[in-house]
Structures are given as structure tokens and as C-alpha cells.
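Geometric and topological summary
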Amino acid sequence: MTLVVGDFAIEETRWRDVPVRYLVPRGFEGDIARNLGRTPEMIEFFSEWTGMPFPDKRYDQVCVHEYPFGGMEHPTQVTLTVRCLRDERAALDSSAEPLVSHELAHQWFGNTVTCREWAHGWLNEGFATFCENLWIEHSKGAEEAAYEMQLTLDSYLGEADGRYRRPLVERRYHQAIDLFDSHLYEKGCLVLNLLRRTLGREDFQRGVAAWLRERKGQAVESSEFRRILGETTGRRLEQFFEEWVEGPGHVELKAACEWNAEDKLLTLRLEQTRTRPRRARPSASSSTSSARSTASGCDARSPWPSVTRASSWPSSRSRRSSPSIRRARCSARSTGSPARRGCC
């Protein structure tokens, strides 16, 4: 639920028969069209792509001051930070469309179907992040979408190589906010993009549409998503999900080339230097932290070995103080950072 009280200027348009309203603090009326004006076009695009028309009877976007996140996907009434309302000068350097499309996508992925527990939160946030890229591809073209996907990869690798690697489905945590990191958003998006490339665009899209139809109004888990994708496409996806969703890390390649001037022959060698680490059951004699959350019953000990250039899953305290948790990703975009969403 959400309740917003204030003195707002209101503009209204429509998508088909659905009222679409923009509520902004007075004085920001001139920024509405520049930042929020493509919302009906986005609703049309996501309705077509998902095979499911916009699921609610109205859609409001309310911009507020002093909001700690970029946005929050409340059904029928999304809350956005007023910082997304760029003026003419700021709009030359950054766009509110990633945030607007992210929160709109949640009306399907997160509200129409939602994760059964936070361990499967990538089904909400990974999908919303992936839909940002879908919108960019639709509105700006494949090259721009590829560039944004590279920024997404950079953000994930920054966390994976610099801090820790964890499975997308992580059942060990102290508080839900601990999971809102670059794995949940960025890696979730990257795995969905890999699924689309593995299955093919049309089959992936058909599978997602079938998943939404079959699970509409229900809480879902990753295994259900895998099953419905497999049944729709006729593909076995157990290994894919085991490696990319249930397991931490990613494939790393080592490249070397050799030029033979006499034969004018270039030899290129690619070596997979490390497979994705398998989860290891913590032993009773483990020297890692054994702090426990009495509220959730979750063990904070690292569930897999540390890997090169990445620490094991850190304590709840260190994760909450991490820039990847604290940052308001929407405002970070205007500074050129690849991290660009709030934890919502």
C-alpha cells in the first residue's frame, strides 16, 4: 500500500481506456512530458511483448521529495523520486526512461506474478532490469541496447570480482535488503538475456507469456519459471538453471594469440580457466562466521568456497553498508555511473 499526501500538479492522459496520471510537486509541471511522457507508449510495448494487456484499471506516477529510492512499484500508483524530473539541460546527459520503464515493468513482473520469498527476488528485479533493456532496444535500437547491457555487465562484474559471488537464488540472509545488490538486478538481467539468446527471441518471449498467463495473481519460484519455459519451448533447462541461477559465479576465459610471420598464420587460443563454483555444504568446523539471525533462522556462514579476486558472501553488516546497497541508482545515472536503479 502507499499513501502520498501533498500539493501536486496533475496531468492525465490515457492508454486505450486506462487513465494514466502524472502527479508532481507544483513548479515541476514543465518537466512532465520530457521525463514521463512516453509512459503510454511503454505500456503498449510491454503489453504486446508480454502478451498480457496492462493488468490494472489505472496507472499513476507520483513524484515526491526526499525519497530514499529511485522508485517503488506500488500497484496502480508508482512512487518516484522527484530527481527523475530532469530539466532541459540535465535531460541532455541522462534520461528518466530506464527508471520509468523499470517500475512499469514491475506491474507484470513483481505485481501480476511475484516471488514466493525473497530468495527468488531476481524474478522481480532481474526481469524489471531486463525490461529496461527491452525498452531501450525498442526505442533506441540494438546498438544502444548492447551498450546498456555492457554497463549492466560491468556493474555485476564490479561486485563479483571486487566483493563476493553468490547464487541468484540465495536462501541465506539476515534481512531482505541484504539481497538487493548487483546480483539481484544486474546478474538477473544478464541471465535472462542469456536465456533469450539460448532459446531464441521468439521462444523465450512465448515462454515468458505462458508463465505470466499460468501464474497470474500467484506467488512463484524459479523452478516454476524453468518448468514453464521448458514445457513451452521443448527444451531441458535444468542444467542452465543449476549453473546460472542456483550456482554462484560465471565462466571465465583466458585468451592468447600467436602470430607466425613466416606462414602468416594467427593462432588464437581460448581456455576456460574456471568453471562456476559449486555450492559447498558448510562444515561444523568451518572457520567462517557463524552468526545467525534468530528472526529468520538463516545461517550467515559462507555456503561456498572463496574464489579468486572475490571474497565469500559477506556478513549482513558489511552488505548493508555497501555502496551497492546504499546507492540510489536512479540518481547515480546522472553522474555517469553504470549503477542506476533504486532497490525497488
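Scroll up to find the structure.
A short note on the pattern of salt bridges
For the structure shown, the criterion picks out 24 salt bridges. A salt bridge links Arg26 to Asp7, with the shortest nitrogen-to-oxygen separation between them at 2.8 Å. One end of the pair, Arg26, is in the loop between β2 (18-25) and α1 (32-36); the other, Asp7, is in the segment before β1 (8-15), and 19 residues separate them in sequence. Of the two residues examined, Arg26 and Asp7, each falls in the exposed class.

A word on the sheet that holds strand β3 (residues 59-64)
Read from one edge to the other, the open sheet built from five strands follows the order β1-β2-β3-β5-β4, with strand pairing classed as mixed. Two strands lie at the open edges of the sheet, namely β1 and β4 (71-72), each paired on one side alone. Sheet analysis places β2 next to β3, joined by four bridges and oriented parallel. Note on β3: the bridge partner recorded for Arg21 is Asp60. Against the sheet, helix α2 (residues 39-50) touches β1, β2 and β3, its axis set at about 40° to β1.

Side note on the packing of helix α4 (residues 122-140) against helix α5 (residues 142-162)
In contact at an axis separation of 7 Å, α4 and α5 are set at 150° when each is read in the N-to-C sense. One element, α4, and the other, α5, form an angle in the roughly antiparallel class. When the axes of α4 and α5 are compared, the crossing they make is right-handed. Contacts between α4 and α5 pair Asn133, Ile136, Glu137 and Lys140 from the former with Ala142, Glu144, Ala145, Glu148 and Met149 from the latter. Here the contact of α4 with α5 is composed, by residue class, of four nonpolar, one polar and four charged.

Each value, and the rule that gives it
- Residues numbered from 1 in each chain as written.
- Predicted model: local features only at pLDDT ≥ 70, side-chain atom pairs only at ≥ 80, totals over all residues.
- Heavy atoms only, no water.
- Salt bridge = Lys/Arg side-chain N within 4 Å of Asp/Glu carboxyl O.
- Helix = DSSP H or I, 4+ residues; strand = E, 2+ residues; numbered from the N terminus.
- Buried < 20%, exposed > 50% of the residue type's maximum accessible area, 1.4 Å probe, protein only.
- Pairing = 2+ DSSP bridges.
- Contact = heavy atoms within 4.5 Å.
- Axes fitted to C-alpha atoms, helices over the stretch in contact; angles between N-to-C directions.
- Parallel < 35°, antiparallel > 145°, perpendicular 65-115°, else oblique.
- Left-handed = near helix turned anticlockwise from the far one by under 90°.
- Nonpolar A, V, L, I, M, F, W, Y, C, P; charged D, E, K, R; others polar.

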